[in-house]
2 protein chains.
Amino acid sequence: MSLFDEVTAVVPAAADPEQAEQVWNVELRDEMSIVNGHPNGGYLLAVLGRAAVAAVGQDDRHVVAATSSYVTPPTVGPATVVTELLRSGRTASQVRARLVQEGTPRVESLLTVAGLDAEPPAWGEVPTVELPTEEVCRASTRSRPPAVPGALEPPLAKVVTMSFDPATFGFASGRPGGAGELRAWLRFVDDRPVDPLALLFAVDALPPATFEVAMTGWVPTLSLTAYVRALPRPGPLRLRFRVGVIAGGKVDETCEVWDSAGRLVAQSTQLAAIRLP
Amino acid sequence: MSLFDEVTAVVPAAADPEQAEQVWNVELRDEMSIVNGHPNGGYLLAVLGRAAVAAVGQDDRHVVAATSSYVTPPTVGPATVVTELLRSGRTASQVRARLVQEGTPRVESLLTVAGLDAEPPAWGEVPTVELPTEEVCRASTRSRPPAVPGALEPPLAKVVTMSFDPATFGFASGRPGGAGELRAWLRFVDDRPVDPLALLFAVDALPPATFEVAMTGWVPTLSLTAYVRALPRPGPLRLRFRVGVIAGGKVDETCEVWDSAGRLVAQSTQLAAIRLP
């Protein structure tokens, strides 16, 4: 079993048939934590996504849209996910899911579960981000141990390898490039194939794109929205993570994810709190 | 009282202090309905936003992020909103809100409530959309009664005036321009000043941007996410609503809203279901 599947596993708890809600036991794992021992936000979205798909109970369906409100940072260790099936539909189902620790809601999310295919778009396209080869990016990333504590170091590095475009890696040396954009390759260390669940993690796997604007403390996400647009082909993912506008102590950031065939397979937007120096 | 404030009014129901949830009575009004008598999605977001701000109980706070899952279309008439304060914070509070009719969840949403200012962005900008004058757009819009039933006709026209850029108004004559983009001015008929609540409505007030790709039936939103970025200056709003990618029977559309000073004040993204001809 791949490490990513292990760390996102959800186990149904004893169900009460009188209740509209279902409870799932999860173990939030240290391998997926970032600074301060808090689990990565995309990881939490993937855990909630796995529970939502299980709550819908159709194996050929995937999370196509998900929004999480980050209420109180969870910690590594046991947690429960409470799912409520809001609507079970032929083409799309909708689920509310809450991650709870010590009786407190930590993450609250809304998820849409539907079918996905690998067909080309019927209209529109987003040109694949241009990146140096994965090898060039990997060598460059390894040559510059990050100055931002925890940003790229283990534990997350046990699960995924992120290889940054050297042109967007200034922050790692404490010198933000100023463009407010990160570009990177991402793959699982154990070469687990990418799938829609992995895309929920990928859209928030990178460090804050604001690190390429200014070195700040952590940039806590208030709300994260992800759309999965197609079944990804096997192989490494290409990511572009961009800052929109920083105003009033908040920032919007968008992430786009392309599969190995250059197809846009996921998109995300988030609003986060930020304190510029 | 402005008509928009009237149609979005929420009245607290008798509260049970033992409950974490609060109940609000609302009347979904015909003036805010679109095709089939269903209330407009941005209108529903504004109603939920008003209840969320009331649940937080701080008059100087506004909804800065909101996502709605559209579960089952509500109908015009009485409804209740159930709010749950997930976290009450110094800088940001988070609320879950559900619109219920006949015991059935119709819209489920997650909202972040925080402070807003009118200061210029600290970093980044989105250039103001270019549009002909509001007068030119209004005259053009009025000269072409829409071929799409209900898209621009009353009842919504009693509340807001939408004046379309003639370059993006082909759909009204049944000839989509092909660019997948709508540009328009928007103002309240009674000249109610715009505020953050109005922006929650504005981000989903226009007809589907996909109408400028192909004439289809209605394009039901699955999930809508809005960010409010600043307190808007008085005056008409400028909107740009764009199609991203249509794939697998789903489409993403983004809306940007600028105030009369040309400042980006709101953004939205949505995933909707679509059947191309």
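Above this text sits the structure in question.
Scope of this entry: the structure provided in the associated data block.

## A closer look at the sheet that holds strand 9 (residues 221-228) of chain B
Residue and element names in this part refer to chain B. Taking strand neighbours across the sheet as the criterion, the 12 strands line up as 1-2-4-5-6-3-9-12-11-10-8-7 in an open arrangement whose pairing is antiparallel. Sheet topology places strand 1 (11-12) and strand 7 (160-164) at the edges, where each strand pairs with a single neighbour. Inspection of the sheet shows strand 3 (residues 62-70) paired to strand 9 by 5 bridges, in the antiparallel sense. Bridge assignment links Thr67 to a residue of strand 9, and that residue is Thr225. The sheet contacts of helix 3 (residues 134-143) involve strand 7 and strand 8 (181-188), and relative to strand 7 the element is tilted by about 95°.

## Regarding the pairing of strand 6 (residues 104-114) of chain A
All names here are of chain A. Among the 11 residues in strand 6, 10 count as buried, and that is most of the element. Bridge analysis of strand 3 (residues 62-70) against strand 6 gives 8 bridges, and the strand direction is antiparallel. The residue of strand 6 that forms the bridge with Ser69 is Glu108. In terms of strand pairing, strand 5 (residues 92-101) meets strand 6 through 10 bridges, oriented antiparallel. Paired with Val100 across the bridge in strand 6 is Pro105. In this structure, the hairpin formed by strand 5 and strand 6 is closed by a connection of 2 residues, where Glu102 is found at a positive phi of approximately 50°.

## Quick notes on the side chain of Glu84 of chain B
Structurally, Glu84 of chain B can be placed in strand 4 (residues 77-87). Given the relative accessible area of 11%, Glu84 of chain B is considered buried.

## Describing the pattern of salt bridges
A complete count under the given rule lists 42 salt bridges over all chains for this structure. One salt bridge in this structure joins Asp195 of chain A and Arg192 of chain A, with 2.8 Å as the shortest N-O distance. Residues Arg192 of chain B and Asp5 of chain B are paired through a salt bridge, measuring 2.8 Å at the closest nitrogen-oxygen approach. Residue Arg192 of chain B is located in the loop between strand 8 and helix 4 (196-202), and its partner Asp5 of chain B is located in helix 1 (residues 3-7); the two are separated by 187 residues in the primary sequence. Here the two residues Arg192 of chain B and Asp5 of chain B agree in accessibility, since each one is buried.

## Concerning unusual backbone geometry
All names here are of chain A. In the Ramachandran plot, Glu102 falls in the positive-phi region, its phi being about 50° despite a non-glycine side chain. Positionally, Glu102 belongs in the loop between strand 5 and strand 6. Residue classification places Glu102 among the exposed positions, given a relative accessible area of 74%. Of note in the backbone geometry, Asp191 takes a positive phi value of approximately 60° without being a glycine. Relative to the helices and strands, Asp191 is located in the loop between strand 8 (181-188) and helix 4 (196-202).

## Quick look at the packing of aromatic side chains
Taken as a whole, this structure holds 14 aromatic pairs over all chains when the rule is applied. Residues Phe169 of chain B and Phe171 of chain B carry aromatic rings whose centres are separated by 5.5 Å and whose planes lie at 80° to one another, so their mutual orientation is edge-to-face. One aromatic cluster in this structure is built from Phe164, Phe169, Phe171, Phe211 and Trp218 of chain A.

## Side note on the sheet that holds strand 3 of chain A
All names here are of chain A. One open sheet holds the 12 strands; their spatial order is 1-2-4-5-6-3-9-12-11-10-8-7, and the pairing between them is antiparallel. Here the strands that pair on one side only, and so sit at the sheet edges, are strand 1 (11-12) and strand 7 (160-164). Sheet strands touched by helix 3 (residues 134-143): strand 7 and strand 8. Its angle to strand 7, the strand with the most contacts, is close to 95°.

## Re helix 3 of chain A
Residue and element names in this part refer to chain A. Of all the residues in helix 3, the buried ones are Glu134, Cys137, Ser140 and Thr141. Down the axis of helix 3, the buried set is contained in an arc of 135°. They therefore lie on one face. Residues of helix 3 that are exposed and angled more than 90 degrees away from the buried face: Glu135, Arg142 and Ser143. At its buried positions, helix 3 is contacted by strand 7 and strand 8.

## Here's the deal with the relation of the copies chain A and chain B
Expressed as a screw operation, the relation of chain A to chain B combines 0.0 Å of axial shift with a rotation of 180°, fitting to an RMSD of 0.0 Å. In the structure described here, the two chain copies are related by an operation that fits a two-fold rotation axis. Looking at chain A, 100% of its interface residues are interface residues in chain B too, so the copies touch through the same face.

## So, the interface of chain A and chain B
Contact residues are listed per partner, giving 55 residues for chain A and 55 residues for chain B. Contact with chain B buries surface across chain A, with Trp123, Tyr227 and Arg229 of chain A losing the most and accounting together for 18% of the total. Here chain A and chain B share 6 salt bridges between them. With a closest N to O distance of 2.8 Å, Glu84 of chain B and Arg98 of chain A form a salt bridge. Connecting chain A to chain B are 30 residue pairs in polar contact (both at pLDDT 80 or more). Of all elements in the fold, only strand 3, strand 4 (77-87), strand 5, strand 6, strand 9 (221-228), strand 10 (237-247), strand 11 (250-258) and strand 12 (264-273) of chain A reach the threshold of two or more residues within the side of chain A that touches chain B. Looking at the side of chain A that touches chain B, the element that brings in the most residues is strand 6 of chain A, giving 6 residues. Its residues placed into classes, the side of chain A that touches chain B shows 25 nonpolar, 17 polar and 13 charged.

Each value, and the rule that gives it
Residues numbered from 1 in each chain as written. Chains lettered and ligands numbered in written order. Predicted model: local features only at pLDDT ≥ 70, side-chain atom pairs only at ≥ 80, totals over all residues. Heavy atoms only, no water. Pairing = 2+ DSSP bridges. Helix = DSSP H or I, 4+ residues; strand = E, 2+ residues; numbered from the N terminus. Contact = heavy atoms within 4.5 Å. Axes fitted to C-alpha atoms, helices over the stretch in contact; angles between N-to-C directions. Buried < 20%, exposed > 50% of the residue type's maximum accessible area, 1.4 Å probe, protein only. Salt bridge = Lys/Arg side-chain N within 4 Å of Asp/Glu carboxyl O. Phe/Tyr/Trp six-rings, centres within 6.5 Å; stacked < 30°, edge-to-face > 60°. Arc of directions from axis to C-beta. Least-squares fit on C-alpha atoms with pLDDT ≥ 70 in both. Buried area = accessible area lost by both parts, 1.4 Å probe. Polar contact = N/O pair within 3.5 Å; in protein donor to acceptor, adjacent residues only side chain to side chain. Nonpolar A, V, L, I, M, F, W, Y, C, P; charged D, E, K, R; others polar.

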